[in-house]
Amino acid sequence: MKTALTTLGVSILLFASCAGQKQQPESNFIQDNIDNAVAQHTLQTDIIEKSGKILNPRTVNKDGSIHYIPIDDWCSGFFPGSMWLTYELTGDQKWEKLAEKYTEDLDSVKHLKWHHDVGFMIGCSYLNGYRLAGKTAYKDVIVEAARSLSTRFRPGAGVIQSWDADRGWQAERGWKCPVIIDNMMNLELLFEATRLSGDSTFYDIAVKHADTTLANHFRADNSCYHVVDYDPETGEVRSKQTAQGYADESSWARGQAWALYGYTTCYRYTHDKKYLDHAEKVYNFIFNNKNLPADLVPYWDYDAPNIPNEPRDVSSAACTASALYEMSTYLPGKNYKETADKIMESLASPAYRAEVGTNGNFILMHSVGSIPHGAEIDVPLNYADYYFLEALMRKRDLEEK
Ligand code: GLY
């Protein structure tokens, strides 16, 4: 779809050869990664299409088989989202058709009210269809999903409640109104719903949630807690803990990535500088951390006890890279794009990018779902692939300018 980066590629080639460097020319980097994604997605979607069903791959099981998920799983939007991104990156209508089919399978998610992740689910699927392929008919689903998410807003505390306190494993924690940093990723849906509907209620909820989270989720060093539990009536903070990190006082890698991305997104819609300033503070925490490896792919928790013998979390790195490309557009004089480029070089290297036909046909290896739950340790995850492709699209767009 997009024009070839010939001119840019030639100048980078010249520069690289003059400087005696070995790095891949940028145009080749983008095209090589598009080709790789297309190859993996072709294998993945061939399996799905041959099944005669609509299957939604999330990761691989311990026996190597592909783990498919139901539509109310928090990860159900990422695979359809990757299809939209692949369509955007290639212009090939094959991907548009598949994206449409897998997205529209999620229609009833717009009514989901029992967890907060409807923002991820409808944002990655329907919102990308609206944005990248002009599917204006998706507007109603987006606004309805925002309405469902808004039912979880607790005005007394000024937050959207992430999880139900009496459901599943959460019921054992004694929480009343748990809010996880991940929730920052759901705000984009609310901002977009206001833009599409003209109803400012969604925007106001998003801003209130972002502000309350800014006040309560962060430590003096700008790292964040995973879970803050509130009294939903008074807003009193009951506890600050973790669910997926190493310890309550540790810094879970994906949580830091969600925070960086979430506050960058808040700046996009509000132009309130405090959000961008905060994203920079989170950046400084991550990139000055003594436990961040040289290849910029973090361990699953910055305070994991056995570093360097701990699993990496590629999903955090991919989400961070995507956020940094956006940050670089607001703060062009800083080195955010260069940092994102370094992350992308790492992710696209054989250390993290799978050979075609391996890794359950996912693009990236070595992510972590939840070590405390013994789930998805050192596996591919559909959201690592999603944010990698989003970062690739943002990188391409920046370099085409
Ligand atoms: N939102 C759940 C996770 O990041 O694992």
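Right, let's talk about the overall build of the protein chain for a bit. Looking only at helices and strands, one finds 13 helices and 9 strands in the protein chain. Since a compact globule built from 401 residues should have a radius of gyration of about 21 Å, the 20 Å found for the protein chain is in line with a globular shape. Its C-alpha atoms put the protein chain at 60 × 50 × 45 Å along the principal axes. Looking at the protein chain as a whole, 60% of its 401 residues qualify as buried. Expressed as a percentage of contacts within the protein chain between residues at least 6 apart in sequence, the contacts between residues at least 24 apart total 65%. Working note: accessible area of the protein chain is about 15,500 Å², and carbon and sulfur atoms make up 51% of it. For the protein chain, the distance from the average position of its 40 positive side-chain charges to the average position of its 54 negative side-chain charges is 2 Å.

This brings us to helix α13 (residues 382-400). Compared with an ideal rise of 1.5 Å per residue, which puts 19 residues at 27 Å, α13 spans 27 Å between its outermost C-alpha atoms and is within 8% of the ideal. A large share of α13 lies buried, amounting to 16 of its 19 residues.

A separate point is the site of the ligand. Close to the ligand lie W74, D182, Q244, W252, R254, W258 and Y383. At a separation of 2.6 Å, an oxygen atom of the ligand approaches a polar side-chain atom of R254. Between an oxygen atom of the ligand and a side-chain N or O atom of W258, the distance comes to 3.0 Å. Considered on its own, the ligand offers 200 Å² of accessible surface; in the complex 92% of this is hidden by protein.

Another point: the pattern of salt bridges. Evaluated as defined, the whole model comprises 32 salt bridges. Residues D231 and K176 are paired through a salt bridge, measuring 3.7 Å at the closest nitrogen-oxygen approach. Taken together, the residues span a long stretch of sequence, with D231 in the loop between β6 (227-230) and β7 (237-241) and K176 in the loop between β4 (159-160) and β5 (177-180) at a distance of 55 residues. The partner of R219 in a salt bridge is E249, and the shortest N-O contact between them spans 3.3 Å. Placement of R219 in the loop between α8 (201-216) and β6 and of E249 in the loop between β7 and α9 (253-270) is noted, with a sequence separation of 30 residues between them.

Take the confidence of the model for the protein chain next. Confidence in the prediction for the protein chain averages 94 pLDDT; 93% of positions are at 70 or higher. Mean pLDDT values over the elements of the protein chain span from 32, in helix α1 (residues 6-18), up to 99, in helix α11 (residues 314-330). This stretch, residues 1-22, has a pLDDT under 50; its non-local contacts, to residues over four places away or in other chains, come to 22 contacts.

In this structure, L347 and Y387 are the most contacted members of the largest nonpolar core, which totals 111 residues. Examining the composition of this core, we find that 10 residues originate from one element, α9, more than from any other. In terms of nonpolar packing, the next biggest core, distinct from the first, is built from 7 residues, C177, Y225, V228 and Y230 among them.

Right, let's talk about the sheet that holds β7 for a bit. One open sheet accounts for 3 strands, arranged β5-β6-β7; its pairing is antiparallel. A single partner strand is all that each edge strand has here, and the edge strands are β5 and β7. On average, each strand axis in the sheet is inclined to that of its neighbour by 20 degrees, with strand direction left out of account. Sheet topology places β6 next to β7; 4 bridges connect them, and they run antiparallel. The residue bridging D229 from the neighbouring strand is S239, located in β7. The strands that α8 touches are β5, β6 and β7; relative to β6, the one it contacts most, it runs at about 105 degrees.

With that settled, consider the environment of P380. Looking at the element boundaries, P380 is found in the loop between β9 (375-379) and α13. Distance in space between the C-alpha atoms of P380 and N61 is 9.9 Å, their sequence separation being 319 residues. Setting aside chain neighbours within four positions, we find P380 in contact with R58, T59, V60, N359, F362 and L364.

As a volume, the largest pocket reaches approximately 600 Å³. Surrounding the largest pocket, 26 residues form its lining, W74, W163, W169, Q170 and Q244 being those nearest its centre. Among the secondary structure elements, those contributing two or more residues to the lining of the largest pocket are α9, β8 (367-370) and β9. Classifying every residue of the lining of the largest pocket by side-chain character gives 9 nonpolar, 8 polar and 9 charged. Taken as a whole, the second largest pocket spans an internal volume of roughly 360 Å³.

Further remarks concern the packing of helix α10 (residues 273-287) against α11. Running from N to C, α10 and α11 cross one another at 130 degrees; their axes reach a closest spacing of 12 Å. Accordingly, the angle class assigned to the pair α10 and α11 is oblique. Judged by the twist between their axes, the crossing of α10 over α11 is left-handed. Residue-level inspection shows L276, A279, E280, Y283 and F287 of α10 in contact with α11, the latter providing T320, L324, M327 and Y330.

If you walk through the whole model with that rule in mind, you get 26 aromatic pairs. Between F191 and Y269, the aromatic rings sit 5.0 Å apart at their centres with planes inclined by 10 degrees, giving stacked as the arrangement. Pair noted here: F191 is in helix α7 (residues 187-197) and Y269 is in helix α9, with a separation of 78 residues, a long-range link. An aromatic cluster is present here, built from W74, F78, F120, W258, Y261, Y383, Y386 and Y387 joined pairwise through their rings. Of note, R312 hangs over the ring of Y299, and the distance from its end group to the ring centre comes to 4.9 Å.

Rules of the game
Residues numbered from 1 in each chain as written. Predicted model: local features only at pLDDT ≥ 70, side-chain atom pairs only at ≥ 80, totals over all residues. Heavy atoms only, no water. Helix = DSSP H or I, 4+ residues; strand = E, 2+ residues; numbered from the N terminus. Rg over C-alpha atoms; globule rule 2.2 N^0.38 Å. Buried < 20%, exposed > 50% of the residue type's maximum accessible area, 1.4 Å probe, protein only. Contact = heavy atoms within 4.5 Å. Areas by Shrake-Rupley, 256 points an atom, 1.4 Å probe, with all protein chains shown as cover. Lys, Arg positive; Asp, Glu negative; His and termini not counted. Charge placed at Lys NZ, Arg CZ, Asp CG, Glu CD. Expected span 1.5 Å × (residues − 1). Near = heavy atom within 4 Å. Polar contact = N/O pair within 3.5 Å; in protein donor to acceptor, adjacent residues only side chain to side chain. Salt bridge = Lys/Arg side-chain N within 4 Å of Asp/Glu carboxyl O. pLDDT = per-residue confidence, 0-100. Core = buried A, V, L, I, M, F, W, Y, C linked by side-chain atoms within 4.5 Å. Pairing = 2+ DSSP bridges. Axes fitted to C-alpha atoms, helices over the stretch in contact; angles between N-to-C directions. 1 Å grid on protein atoms, 1.4 Å probe; cavity = no way out; pocket = protein on both sides within 12 Å on 5 of 7 lines; lining within 4 Å. Points joined across faces, edges and corners; volume = space filled by probe spheres on them. Nonpolar A, V, L, I, M, F, W, Y, C, P; charged D, E, K, R; others polar. Parallel < 35°, antiparallel > 145°, perpendicular 65-115°, else oblique. Left-handed = near helix turned anticlockwise from the far one by under 90°. Phe/Tyr/Trp six-rings, centres within 6.5 Å; stacked < 30°, edge-to-face > 60°. Lys NZ or Arg CZ within 6 Å of the ring centre and 35° of its normal.

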